[in-house]
Amino acid sequence: MTFQPGTRVGRVERTTKESSVLVELDLDGTGQVEIDTTVPFFDHMLTALGTHAAFDLKVKSAGDIHIDAHHTVEDTAIVLGQALRQALGDKKGIRRFGDAWIPMDETLAHAAVDVSGRSYCVMTGEPEQFNSFTIGGNYPFVLNRHVFESLAFHSQINLHTRVIHGRDPHHIAEAQYKAIARALRAAVEPDPRFAGVVPSTKGAL
């Protein structure tokens, strides 16, 4: 089973007094990305996410980064989650579950995903000493939690991510994003044994 190109896409725009965000997402892409959030390290992370998930992903965000990157980053994650949920459609024929282990030099991260229709996010293992650290001078490390929780809630997926070990905050964040990307890629892939069927005993996700 394969999905027809262009049938599993999401496009969401969201504008508030704090940010303006556009996300376009194709689950059956080839990892073509176009990212501009005005937060350089977040651009780097979303580029990694789209590339390693093999999604075609366009993100355009603008916000009050003169105050802080928080609003722009979190709002972008909200819209990304909404676009992912839209692209998933009725979820017929997908594998539903996915997980991935990603090493990055001294860091090892793991992510597991259930495209369950139930929003939940569990994060463990991030070194507490980096909670006040800003990567690249523009991305506070603590935003990882906001991004992953917002993504999970608004896409209605169950997401677990673990940092097994790591000492460089750049490596830790990047390994997490890549692990989530690879887990999502596996979870939304077509499963020929579930062709045309929702992979749930309830018959709906």
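A quick note: this is a predicted structure, and the numbers were derived from the prediction, not measured.

Draft legend 1. Seen up close, the side chain of Arg-96. Turning to its location among the elements, Arg-96 is positioned in the loop between helix H2 (70-88) and strand S5 (97-104). Residues in contact with Arg-96, not counting those within four places in the same chain, are Val-113, Asp-114, Val-115, Ser-116, Arg-118, Ala-187, Pro-199, Ser-200 and Leu-205.

Draft legend 2. Quick look at the side chain of Asn-144. Of note, Asn-144 is situated in helix H3 (residues 143-155). Polar contacts involving the side chain of Asn-144 include one to the side chain of Gln-176, which spans 3.1 Å. If sequence neighbours within four positions are ignored, Asn-144 has contacts with Met-123, Glu-126, Tyr-139, Ala-173, Gln-176 and Tyr-177.

Draft legend 3. Molecular detail of the sheet that holds strand S6 (residues 107-114). Read from one edge to the other, the open sheet built from 4 strands follows the order S5-S6-S10-S7, with strand pairing classed as mixed. Because the sheet does not close on itself, it has two edges, and the strands there are S5 and strand S7 (120-124). Mean inter-strand twist for the sheet, computed between neighbouring axes without regard to direction, equals 10 degrees. With 5 bridges joining them, S7 and strand S10 (residues 158-165) adopt parallel strand pairing. Paired with Tyr-120 across the two strands is Asn-158, which belongs to S10. In the packing of H3 onto the sheet, the strands contacted are S7 and S10, and the crossing angle to S7 comes to about 155 degrees. Contacts from helix H4 (residues 169-188) reach S5, S6, S7 and S10, with the element oriented near 150 degrees to S5.

Draft legend 4. Molecular detail of the pairing of strand S3 (residues 33-36). Inspection of the sheet shows S3 paired to strand S4 (residues 56-63) by 4 bridges, in the parallel sense. Looking at the pairing, Asp-36 lines up with Lys-60 of S4. After leaving S3, the chain enters helix H1 (residues 40-53) and then returns to the sheet as S4, a path that is left-handed.

Draft legend 5. Up close: the pattern of salt bridges. All chains considered together, the criterion is met by 10 salt bridges. For Asp-28, the salt bridge goes to Arg-8, with nearest N and O atoms at 2.7 Å. Taken together, the residues span a long stretch of sequence, with Asp-28 in the loop between strand S2 (19-26) and S3 and Arg-8 in the segment before strand S1 (9-15) at a distance of 20 residues. As a salt-bridge pair, Glu-149 and Arg-145 come within 3.6 Å of each other at their nearest N and O atoms. Of this pair, Glu-149 and Arg-145 are both found in helix H3, 4 residues apart, which corresponds to roughly one turn of the helix. Linked by salt bridges that have partners in common, Arg-11, Glu-13 and Glu-24 make up one network.

Draft legend 6. Representation of H4. Taking 1.5 Å per residue, 20 residues should reach 28 Å; H4 reaches 29 Å between its end C-alpha atoms and fits that length. Counting buried residues in H4 gives 16 out of 20 residues, a clear majority hidden from the surface. You can read the cap of H4 off the contacts: a side-chain oxygen lies 2.8 Å from the backbone nitrogen of His-170, and it is on Asp-168.

Draft legend 7. How the structure looks around the sheet that holds S1. Strand order in the open sheet formed by 4 strands is S1-S2-S4-S3, and the pairing between neighbours is mixed. Two strands close off the open sheet at either side, each with one partner strand: S1 and S3. Between one strand axis and the next, the sheet turns by 5 degrees as a mean value, whatever way the strands run. Where H1 meets the sheet, it contacts S3 and S4, and its direction lies at approximately 160 degrees from that of S3.

The rules we used
- Residues numbered from 1 in each chain as written.
- Predicted model: local features only at pLDDT ≥ 70, side-chain atom pairs only at ≥ 80, totals over all residues.
- Heavy atoms only, no water.
- Helix = DSSP H or I, 4+ residues; strand = E, 2+ residues; numbered from the N terminus.
- Contact = heavy atoms within 4.5 Å.
- Polar contact = N/O pair within 3.5 Å; in protein donor to acceptor, adjacent residues only side chain to side chain.
- Pairing = 2+ DSSP bridges.
- Axes fitted to C-alpha atoms, helices over the stretch in contact; angles between N-to-C directions.
- Right-handed = clockwise from strand over helix to strand, strands pointing away.
- Salt bridge = Lys/Arg side-chain N within 4 Å of Asp/Glu carboxyl O.
- Expected span 1.5 Å × (residues − 1).
- Buried < 20%, exposed > 50% of the residue type's maximum accessible area, 1.4 Å probe, protein only.

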